[in-house]
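So the chains spell out like this:
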Amino acid sequence: MTHHILAATSQPSTSSTEEATQLFVKSHVARDLLQSAGLFKTDKLVVWEYVSNGLQYVDANTNPTVRVTLDNRRKRLTITDNGRGMSWADLQNFFVMHGTNQDRLAGQAGRGRFGTGKSAAFGIADTLRVTTVRNNLRSQVALSRAKIEIMNSEQPIPVEVIERETPVNLPNGTHIEIENIHLRSLDQSGVIAYIERHLARWSKNAVVFVNNHECEYAEPAVAETRRFKPEGAVRDALGETELTLKVSKAPLDEATRGIGIFSKGVWHETTLAGSEGREMANYIFGEIDVPALDEDRAPITPFDVSRSMRLNPNNELVRTIHAFIGVHIEQVRRELGERERRRRNDEETRKLAAEAAEIASVINEDFNQFRQRVALARARARGGADLLLKPEPVADSDDLIFGNELPAEVIAPTGGEGVTLDIPRIGEGAEVRTLAPIVAITDNPESPKQGRPREASNKQRNAGGFDVKFGNLGAEDHRAKYVRDERTIYINLDHAQLVAAKGSRAVQDPVFRRLAYEVAFSEYAIALASELAARDEYIDPSDPIFDIRETLNRVARRGASLYAEQGKG
C-alpha cells in the first residue's frame, strides 16, 4: 500500500557542510497538527470547517449542496458535498500544513487563509477519512490520531492511501468521515444554529442539510434599519463601504446580536464594539463589509489562526472599524433606551409589567421547588454545581449548615460555620468561636432535623429565577421567546392569538390573562428543558419530552385558579 505525506513545508536541500554551518527553521509536523486541531474545540466548529469547503469550492453553474449526518450512538459524523472534488495533486496540497490556498493564490477571495482546516477533525475525534471524486477519478485516504502521536520528530506524517484515482462514473464531490468522537454528545441544534447563522452571507442557492433538517437563515424581525457611511480619515482607511445597522423587534440571543464584520463576503467577527451588556444593545444587529481587511499587510495582522471569529484588536485597521461601528451603535442604543423609558411610563405598560411579575412569581415558585427536588436527588454527590448556576438558597449540601430545619446527616463533628463573635482585635481575651458540625442534606425523612440553608442575599435569590416580560416581537415571531443569557421569557403581544385575546379588553381581563399565563407556562417548560439539555442532563432523546410534559402539568395546576375566578378589576 502506498502512502503520501502530510508535510509542514518542503525543506531546502543542503550539503553536509552547509548543514553544519547553516540554521533552518523547522516544524515538528505532528505537534503542529495537533496544536492546530486544538483550536477546533466543538462539533459546530469542526462541521462548519468542512461544510464551508463544500459550499465554496464548486464547479461553475453548480448549486452547492452539503449533507451532514450526526450519529450520536456511533460517535461519528459525515459531511458530503457536490463540490468540485479533489484530484491527487489537490489532495497533496490539502495535506500540507499552512500550505498556500490555490484559489487565493489565483486571486479568488475565500475563507482558506492559514491552511489548518485539515486538522479540524482531530480537535474532537481520532479518525479522519476523505473520499473525493474529481473528473471521474476517485481517491480515498485516511489519517488517525494514533499515527500522528507516534511521530517524535519533524519528519512528515504518513497518510494511509486506500484508493488512488480509480476510474468511476460518479459526479464530482467529497465525502468526509470523522469517527471515534470524544464529545459526550453531538449538539444537533447547536450545529444547525451555527450553520444557519453563517448561511446569511452565502448564495441563496446554497443548501445544507443536518440529518433531516434543511438549514435556512431567518433574519430576526426588523423594527428599523439605519445605514452609515464613513467619512474623512475613516473612509480613507476603510474605503467605500457602508454599515447596515438593524434594530430587532425582540431581544436577540448572544449568537445573533451584534454587527457582522465581513471582507469580500467572508465573515470574520461579530461585535457590539464596546456596548456589550448595555441597555437595548441586545436589540442591535447588522453588518459591514470592508474589503481593505483582506488586503491589509500591516506587521500586526488583522486575522489569527484560531477560528475564534474575532479580529485582532491590536491591528490599526481593526481598531478603526471597531471605533466606526461603536460610535453608531451607541447613537442608536441611546435613542432606543430613551424610547423604552417613555414606553415604561405608559399606564398599560405598567399594568402589563405587573401581570408579568405575577406570572414570574408562579413560575419561580415551581422552579424553586423543582430545584430543591434536584438537590435532594443529588445529595450524595457533593461538589456538583447547582441547577442554572446561580442557586436559590435551597438545601444543597454545599449550602447547608448546622441547624434545626431540614433532615441532614453529620459528616464531621467540627469545622462548620459556628457562632460569630464580635472580636475587636485578636489578643484582647475574647472567646474563640465554637465551630459547628459539618452537615449534608439527606433524602431520608426519618433523619433528625439538624441542618438549615445558608443565608443568601436577595441578589442571589433574584438571579436564580426566571423573569417574564411582554413585548412587541412582531406578527411573524412565536407566541413567546426565551432569551437564555437574560433568563427572561418574552410574551409576544403581536402574535395573532394574543392580539385576538386582547382586542379592546383591559390587561386584567380573564381571557387575555389566561392566555398570557398559558403561553408563559409553555415557554417556561421548554426553557427549563433547554437549560437541562445545555448541562448535558439528558441521555435518552425522550427525556426532555417527559420533563416538558411534567413541568406543564405542575404549572397548570398552579394556574388553575385563573379559570375559576373572574379576573381582577
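Coordinates for the structure precede this section.
First, a word on scope: everything that follows refers to the structure included in this document. The shown structure was predicted, so the numbers you read here are calculated from the model rather than taken from an experiment.

1. Quick word on the pattern of salt bridges
Consideration 1: According to the stated counting rule, one finds 34 salt bridges in the structure shown.
Consideration 2: Linking Arg-554 and Asp-366 is a salt bridge whose minimum nitrogen-to-oxygen distance equals 2.7 Å. Taken together, the residues span a long stretch of sequence, with Arg-554 in helix H15 (residues 543–558) and Asp-366 in helix H11 (residues 347–377) at a distance of 188 residues.
Consideration 3: Classification of Arg-554 as buried rests on a relative accessible area of 19%.
Consideration 4: Members of the salt-bridge network, linked through shared partners, are Arg-76, Arg-129, Glu-177 and Glu-179.

2. Describing unusual backbone geometry
Consideration 1: Positive phi values are uncommon outside glycine, yet Asn-61 reaches one of about 65 degrees.
Consideration 2: For Asn-61, the location among the structural elements is in the loop between helix H3 (43–56) and strand E2 (65–71).
Consideration 3: The exposure class assigned to Asn-61 is exposed, which follows from its relative accessible area of 84%.
Consideration 4: Positive phi outside glycine occurs at Met-280, with the angle close to 70 degrees.
Consideration 5: Inspection of the secondary structure assignment puts Met-280 in the loop between strand E13 (266–271) and strand E14 (284–289).

3. Remarks on the sheet that holds strand E20 (residues 488–492)
Consideration 1: Here 3 strands make up an open sheet; going across it, the order is E18-E20-E19 and the pairing mixed. The strands lining the two open edges of the sheet, one partner per strand, are strand E18 (467–471) and strand E19 (480–483). Strand-to-strand twist across the sheet, computed as the mean angle between neighbouring axes with direction ignored, equals 25 degrees.
Consideration 2: Here helix H14 (residues 510–534) sits on the sheet in contact with E18, E19 and E20, set at roughly 35 degrees to E19.

4. Focus: the packing of H3 against helix H7 (residues 188–198)
Consideration 1: Two elements in contact, H3 and H7, have axes whose closest approach is 9 Å; the angle formed by their N-to-C orientations is 45 degrees. Classed by the angle they form, the pair H3 and H7 counts as oblique. Two packed elements cross with a definite hand, and for H3 against H7 that hand is right-handed. Residues Asp-43, Lys-44, Leu-45, Val-47, Trp-48 and Val-51 of H3 pack against Gly-190, Val-191, Tyr-194, Ile-195 and His-198 of H7.
Consideration 2: When its residues are assigned to classes, the contact of H3 with H7 shows 7 nonpolar, 2 polar and 2 charged.

5. Notes on the side chain of His-198
Consideration 1: One can find His-198 in helix H7.
Consideration 2: A polar atom in the side chain of His-198 sits 2.9 Å from the backbone oxygen of Tyr-194.
Consideration 3: When near neighbours in sequence (up to four residues on either side) are disregarded, His-198 contacts Trp-48, Trp-267 and Met-309.

6. Section: the pairing of E13
Here is the key point about a regular strand: its side chains alternate between the two faces of the sheet.
Consideration 1: Burial of E13 is extensive: 6 of the 6 residues sit out of reach of the surface.
Consideration 2: As defined by bridge partners, strand E12 (residues 258–263) adjoins E13 across 5 bridges and the pair is classed as antiparallel. For Ile-261, the partnering residue across the bridge sits in E13 and is Glu-269.
Consideration 3: Hairpin remark: E12 followed by E13, antiparallel, with 2 residues in the connecting loop; positive phi at Lys-264, about 55 degrees.

7. Things to note about the environment of Arg-201
Consideration 1: As for its placement among the helices and strands, Arg-201 is situated in the loop between H7 and strand E8 (207–210).
Consideration 2: C-alpha separation for the pair Arg-201 and Val-266, spaced 65 residues apart in sequence, amounts to 7.9 Å.
Consideration 3: Every residue in contact with Arg-201, bar those within four places of it in the chain, is listed here: Phe-262, Gly-265, Glu-287 and Asp-289.

8. A short note on the sheet that holds E14
Consideration 1: The sheet built from 5 strands is open, its strands ordered E10-E11-E14-E12-E13 with mixed pairing. At either end of the open sheet lies a strand with only one pairing partner, and these are strand E10 (222–228) and E13. Each strand axis lies, on average, 20 degrees off the axis of its neighbour in the sheet, ignoring direction.
Consideration 2: For E12 and E14, the ladder comprises 5 bridges, and the chain directions are parallel.

9. Quick look at the packing of aromatic side chains
Consideration 1: Applying the stated criterion across every chain yields a total of 6 aromatic pairs.
Consideration 2: With centroids separated by 5.7 Å and ring planes inclined at 85 degrees, the aromatic side chains of Tyr-517 and Phe-521 adopt a geometry described as edge-to-face. Here the residue Tyr-517 and the residue Phe-521 both occupy positions in helix H14, the gap between them amounting to 4 residues, near one helical turn.
Consideration 3: Given the relative accessible area of 6%, Tyr-517 is considered buried.

10. So, the nonpolar core
Consideration 1: Among the nonpolar cores identified, the biggest contains 48 residues, and Tyr-50, Val-51, Leu-77, Ile-79, Ile-178 and Ile-195 are the most heavily contacted of them.
Consideration 2: Counting residues per element, this core draws most heavily on H3, at 7 residues.
Consideration 3: Beyond its immediate chain neighbours, meaning those up to four positions away, Leu-77 contacts Val-47, Thr-69, Leu-70, Ile-124, Ile-176, Glu-177, Ile-178, Ile-181 and Leu-186.
Consideration 4: Within the second largest apolar cluster, 35 residues are counted, among which are Ala-356, Val-468, Leu-528 and Val-555.

11. Some remarks on the environment of Ala-221
Consideration 1: Residue position: Ala-221 is located in the loop between strand E9 (213–214) and E10.
Consideration 2: The exposure class of Ala-221 is partly exposed, given its relative accessible area of 29%.
Consideration 3: Sequence separation between Ala-221 and Leu-473 is 252 residues; the distance between their C-alpha atoms is 7.4 Å.

12. Points about H14
Consideration 1: The end-to-end C-alpha distance of H14, which contains 25 residues, comes to 36 Å, matching closely the 36 Å that a straight helix rising 1.5 Å per residue would cover.
Consideration 2: Backbone geometry just downstream of H14 places Asp-536 in the positive-phi region, at approximately 60 degrees.

13. Quick look at the packing of H14 against H15
Consideration 1: In contact at an axis separation of 9 Å, H14 and H15 are set at 140 degrees when each is read in the N-to-C sense. Of the possible angle classes, the one that applies to H14 and H15 is oblique. Both H14 and H15 take part in a crossing whose hand is right-handed. Where H14 approaches H15, its residues Phe-521, Ser-522, Tyr-524, Ala-525, Ile-526, Leu-528, Ala-529 and Leu-532 are matched on the opposing element by Pro-544, Asp-547, Ile-548, Thr-551, Leu-552, Arg-554 and Val-555.

Quick notes on the rules
- Residues numbered from 1 in each chain as written.
- Predicted model: local features only at pLDDT ≥ 70, side-chain atom pairs only at ≥ 80, totals over all residues.
- Heavy atoms only, no water.
- Salt bridge = Lys/Arg side-chain N within 4 Å of Asp/Glu carboxyl O.
- Helix = DSSP H or I, 4+ residues; strand = E, 2+ residues; numbered from the N terminus.
- Buried < 20%, exposed > 50% of the residue type's maximum accessible area, 1.4 Å probe, protein only.
- Pairing = 2+ DSSP bridges.
- Axes fitted to C-alpha atoms, helices over the stretch in contact; angles between N-to-C directions.
- Contact = heavy atoms within 4.5 Å.
- Parallel < 35°, antiparallel > 145°, perpendicular 65-115°, else oblique.
- Left-handed = near helix turned anticlockwise from the far one by under 90°.
- Nonpolar A, V, L, I, M, F, W, Y, C, P; charged D, E, K, R; others polar.
- Polar contact = N/O pair within 3.5 Å; in protein donor to acceptor, adjacent residues only side chain to side chain.
- Phe/Tyr/Trp six-rings, centres within 6.5 Å; stacked < 30°, edge-to-face > 60°.
- Core = buried A, V, L, I, M, F, W, Y, C linked by side-chain atoms within 4.5 Å.
- Expected span 1.5 Å × (residues − 1).

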